[in-house]
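Here's the letter readout for the chains.
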Amino acid sequence: MLFSTILTDDSLWYNKNNERTVIMEMNLWNTFGAVRPKLERQYLEPEFAPDTGEPPEELKRMAEALVREHSGEPRIRLRAMLLELLLTRGRIGVDPADWFADHLDADGVMVPIREHWRDEARRAMPEVAARCAANSEQGLSLSQLDLSHTSPDWRNVLKLGPAGIRDRAEKALETAEDGEAREFFAAVARVYGAMCRYIVRLADEADRRGAVRVTGALRAIAERPPETLQQALQLALLYHHTQELEGELVRSMGCFDRLFIGFYRRDLAAGRLNREQAKELLKFYWTKFFAQTQGKLWGKNFCFGGMDGDGSDACNELTELGFEVYRELRTVDPKLSLRVHGGLPEKVLLQATECVCRGRTAVVFANDEIAKEMFVRRGKLPEEIADFIPVGCYEPCVMGKELCCSMSTLFNLAKAVELLMENPAPPRDFGELLGRYLGVVREKLDDALELTRRWELRWPEINPSPLLSGTMDSCFEKGRDVSAAGTKYSSSGVMCAGLGSAADSLTALRILLFEERRCTWEELRATLKADWEGREPLRLYVSGRLPKWGNNLPEPDALARKIADAVAERINRAPNARGGFFQTGMWSIDWAQRYGGMTGATPDGRRAGEPLSKNLGAAIAKDRRGVAALLHSAAKLDQAEFPDGAVLDVMLHPSMVKGKEGPKVVADLVRTYFEAGGLFIQFNILDVDTLRRARREPEKYSSVQIRVCGWNVRFIDLDPAAQELFIQEAESKSC
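The sections below set out a description of the structure shown in this document. Since this is a predicted model, take the numbers as computed values, not measurements.

1. A few points about the overall build of the protein
Next, step 1: Along its length, the protein carries 28 helices and 17 strands.
Next, step 2: With respect to the three principal axes, the spread of C-alpha positions in the protein is 95 × 65 × 50 Å.
Next, step 3: Looking at the protein as a whole, 62% of its 735 residues are labelled buried.
Next, step 4: Restricting the contact set of the protein to residue pairs at least 6 apart, pairs at least 24 apart contribute 77%.
Next, step 5: For the protein, the exposed surface amounts to about 26,700 Å²; the carbon and sulfur share of it is 50%.

See below:
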């Protein structure tokens, strides 16, 4: 069989008449299966050419010397110089068997310098640092600079290319209105000029190594915007790695099907590529992200589907192709987000739910209609729904216009119950008790938000970000870096953990103290302080017999709504220090376990140190009335008031989704939840026997995936405590 490769005007391959032609003697395609094991270990066993640059130890020495020499200069200038150093002086490597080149031996150089600057800021505000430490140590809240939840304007990255962004910055520098703008534009021009030189270095090394797959694409994107699918994927990969080298994690790769469809269609029309070859490119590309973390971190988010600005469906050929590749890869990373709306083709939804039913559960479903209402309430434009992306796990953001910083503040709603119980004065009635609880929440939230503001004021001196900022139109319009509120929307997310645990605790307090009068305030305070010791019958009664959130019961559901409404009102109206507002997130990810370990016994029957309820879900094994009841409870919340996101985790037994009807069962659950007002939903398909066998014989069950909370891992990679929690939950679903 003869194979072709991707050809452009920059291709190195010509026939004897110097005309563009297909490769007739090089079998470049259908190699993924053969090289996949090596690809998956490429960052564990990197191959760098020693003569292409300096080793990391020398780069670190050079970077430290540069910082000392330019210590009095603006930080954004210094950051640009540091990134330029790494891109132009670091060792590189190119694998001839790979369709993409990206290896740069420069990790661990810039982040320590940034953390030194953060330490300087901490020492400059000792009172703030002490309050932050106290709140964090008791498991109440965390106030911080969130540098790990960002997304560039991918449209500009692909439309302009690094050379185009460099040129744009150089032109803007000529008419900069003030000194800060001049520093900003100069820094952007410097880092994108360095990125162009870095790409040329990779192309030269590819030539030397005979890496014919990548040379033409590299030379093309060093000079102009990408024109082919391979070039566009290559540029996206290099941009991703370069931004993370700068110091901000890239937590969304944008709406993949919309961003890349033009390249794909042009390749097909020109005969440069066929569908199977496009799939192979995507497999090579996505394997890069798995290989970086071995599937043990948070996953890389690729978004699909959704509405355009006019409300029409935006799915295209790459929507189907993307989920097809994901299903075939059988990997935990990347993770996919599917934006669902009334006009989404049913075949697209069923393709995604088919993946879920077959154990490929690294998929979160997002409700475009609720997201659009949420955007409008927060002052965003209705048509900006077209650029809605989940950042991180499921934190809404407007690509190219918003820096959402979705974990600027973390808050433990269950810890507020523990603090409530410290008051020795018994409440007269439940109304007073509820008022006390909400008072504690408001007081502690206000303190946490103020501490976050104090940190945000320090952002420009800790982490200016010229590479990320260079992709944003609003940063060019303002002449300001993202760290100086350059984006159109500068939001600060507040993750609120343990809603279900808090609602269950307040329900128990009402019943125990005021309805059944099984104990007094003083007795219950002593019982909780003793971690239920000596009161096991009472604990079992509370844990097993009283109403719990997640069962479509009026008492706990109404209390959860009151808590959520009060929290959202407090947070969403609070200005941050970057010209925007704080945003409520009703989710917890793995902080349900971490905060649980720092929270004492609670009135819902939970012992000290046990996990809290996760995300919008019930406490472990407490959703006893089935999945429909769980969905109804969560849908009673006004989820358009959670602009920082809210997700419901659903665990199903495989018997519920077996056979041809399985995907429709999951699709119906998604549609039902979204029609009732849900924002995000995700699934685990697990049975307890399989998990127990996997724990005993991990070598036989390496393919079993777990949707941890916003990302997937292999079950065998979880620590024993986390494995036990999933076994407990799966056991409750098998009854």
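On we go from here.
2. Notes on the sheet that holds strand β5 (residues 335-340)
Next, step 1: With mixed pairing, the 5 strands of this open sheet are ordered in space as β4-β5-β6-β15-β14. The sheet terminates laterally at β4 (301-305) and β14 (647-652), the two strands that pair on one side only. Neighbour-to-neighbour, the strand axes of this sheet turn through a mean angle of 25°, independent of strand direction.
Next, step 2: Where β5 lies against strand β6 (residues 363-367), 5 bridges are found, and the strand directions are parallel. Across the sheet, residue V340 finds its bridge partner in β6, namely N367.

3. Looking at helix α11 (residues 275-293)
Next, step 1: Between its first and last C-alpha atoms α11 spans 28 Å; for 19 residues at 1.5 Å apiece the expected length is 27 Å, and the two agree.
Next, step 2: Of all 19 residues in α11, 15 are buried, a share of seventy percent or more.
Next, step 3: N-capping of α11 is provided by N274, with a side-chain oxygen placed 3.1 Å from the backbone N of E276.
Next, step 4: A positive backbone phi angle near 60° is found at Q294, which sits one or two residues after α11.

4. Focus on the side chain of D481
Next, step 1: Positionally, D481 belongs in the loop between α19 (473-478) and β11 (489-490).
Next, step 2: Despite its burial, D481 pairs with no opposite charge; the closest candidate is R79, at 7.9 Å N-O.
Next, step 3: Of the polar contacts made by the side chain of D481, one reaches the side chain of S483; its length is 2.6 Å.
Next, step 4: In this structure, D481 is in contact with I76, F184, P464, S465, P466, S469, C475 and G486, ignoring residues within four places of it in sequence.

5. Thoughts on the pairing of strand β15 (residues 680-685)
Next, step 1: Of all 6 residues in β15, 6 are buried, a share of seventy percent or more.
Next, step 2: Neither face of β15 is left uncovered, since the one carrying F680, Q682 and N684 and the one carrying I681, F683 and I685 both have all their residues buried.
Next, step 3: With 3 bridges connecting them, β6 and β15 associate as antiparallel partners. Residue F365 lies in a different strand from β15, and its bridge partner there is I681.
Next, step 4: Where β14 lies against β15, 6 bridges are found, and the strand directions are parallel.

6. Concerning the packing of helix α10 (residues 256-270) against helix α12 (residues 317-329)
Each packed pair of helices is defined by two parameters, the angle between the axes and the distance between the axes.
Next, step 1: The interhelical angle for the contact between α10 and α12, taken along N-to-C directions, is 105°, at an axis separation of 8 Å. By the angle class used here, α10 and α12 are roughly perpendicular. For the pair formed by α10 and α12, the contact residues are F256, D257, F260, I261, Y264 and R265 on the first element and E317, L318, T319 and L321 on the second.
Next, step 2: Residues of the contact of α10 with α12, tallied by class, amount to 6 nonpolar, 1 polar and 3 charged.

7. So, the sheet that holds strand β12 (residues 492-497)
Next, step 1: The 4 strands are arranged β3-β10-β12-β13 in an open sheet whose pairing can be described as mixed. In the strand order of this sheet, the two ends are held by β3 (141-143) and β13 (582-585), each with one partner. Recorded for the sheet is a direction-independent mean angle of 20° between the axes of neighbouring strands.
Next, step 2: Contacting β10 (409-412) and β12, helix α15 (residues 413-420) runs over the sheet at an angle of about 50° to β10.

8. Some words on unusual backbone geometry
Leaving glycine aside, a negative phi is the common case for residues, and trans is the common case for peptide bonds.
Next, step 1: Omega for the bond connecting D333 with P334 falls within 30 degrees of zero, at 15°, which places this linkage in the cis form.
Next, step 2: Secondary-structure assignment places P334 in the loop between α12 and β5.
Next, step 3: Not every positive phi belongs to a glycine, and C405 is a case in point at roughly 40°.
Next, step 4: Tracing the backbone shows C405 in the loop between β9 (402-403) and β10.
Next, step 5: On the accessibility criterion, C405 (1% relative accessible area) is buried.
Next, step 6: The backbone of A485 sits at a positive phi, close to 65°, despite the residue not being glycine.
Next, step 7: Summarising the element assignment, A485 is placed in the loop between α19 and β11.

9. Here we look at the state of the cysteines
Next, step 1: A complete count under the given rule lists 0 disulfides for this structure.
Next, step 2: C303 provides the cysteine sulfur closest to C315, a residue in no disulfide bond, and the two sulfurs are 10.0 Å apart.
Next, step 3: The closest cysteine sulfur to the non-disulfide-bonded C393 is located on C709, 6.3 Å from its own sulfur.
Next, step 4: Judged by relative accessible area, C393 falls into the buried class, the value being 4%.

Rules behind the numbers
- Residues numbered from 1 in each chain as written.
- Predicted model: local features only at pLDDT ≥ 70, side-chain atom pairs only at ≥ 80, totals over all residues.
- Heavy atoms only, no water.
- Helix = DSSP H or I, 4+ residues; strand = E, 2+ residues; numbered from the N terminus.
- Buried < 20%, exposed > 50% of the residue type's maximum accessible area, 1.4 Å probe, protein only.
- Contact = heavy atoms within 4.5 Å.
- Areas by Shrake-Rupley, 256 points an atom, 1.4 Å probe, with all protein chains shown as cover.
- Pairing = 2+ DSSP bridges.
- Axes fitted to C-alpha atoms, helices over the stretch in contact; angles between N-to-C directions.
- Expected span 1.5 Å × (residues − 1).
- Polar contact = N/O pair within 3.5 Å; in protein donor to acceptor, adjacent residues only side chain to side chain.
- Lys, Arg positive; Asp, Glu negative; His and termini not counted.
- Salt bridge = Lys/Arg side-chain N within 4 Å of Asp/Glu carboxyl O.
- Parallel < 35°, antiparallel > 145°, perpendicular 65-115°, else oblique.
- Nonpolar A, V, L, I, M, F, W, Y, C, P; charged D, E, K, R; others polar.
- Disulfide = S-S within 2.5 Å.

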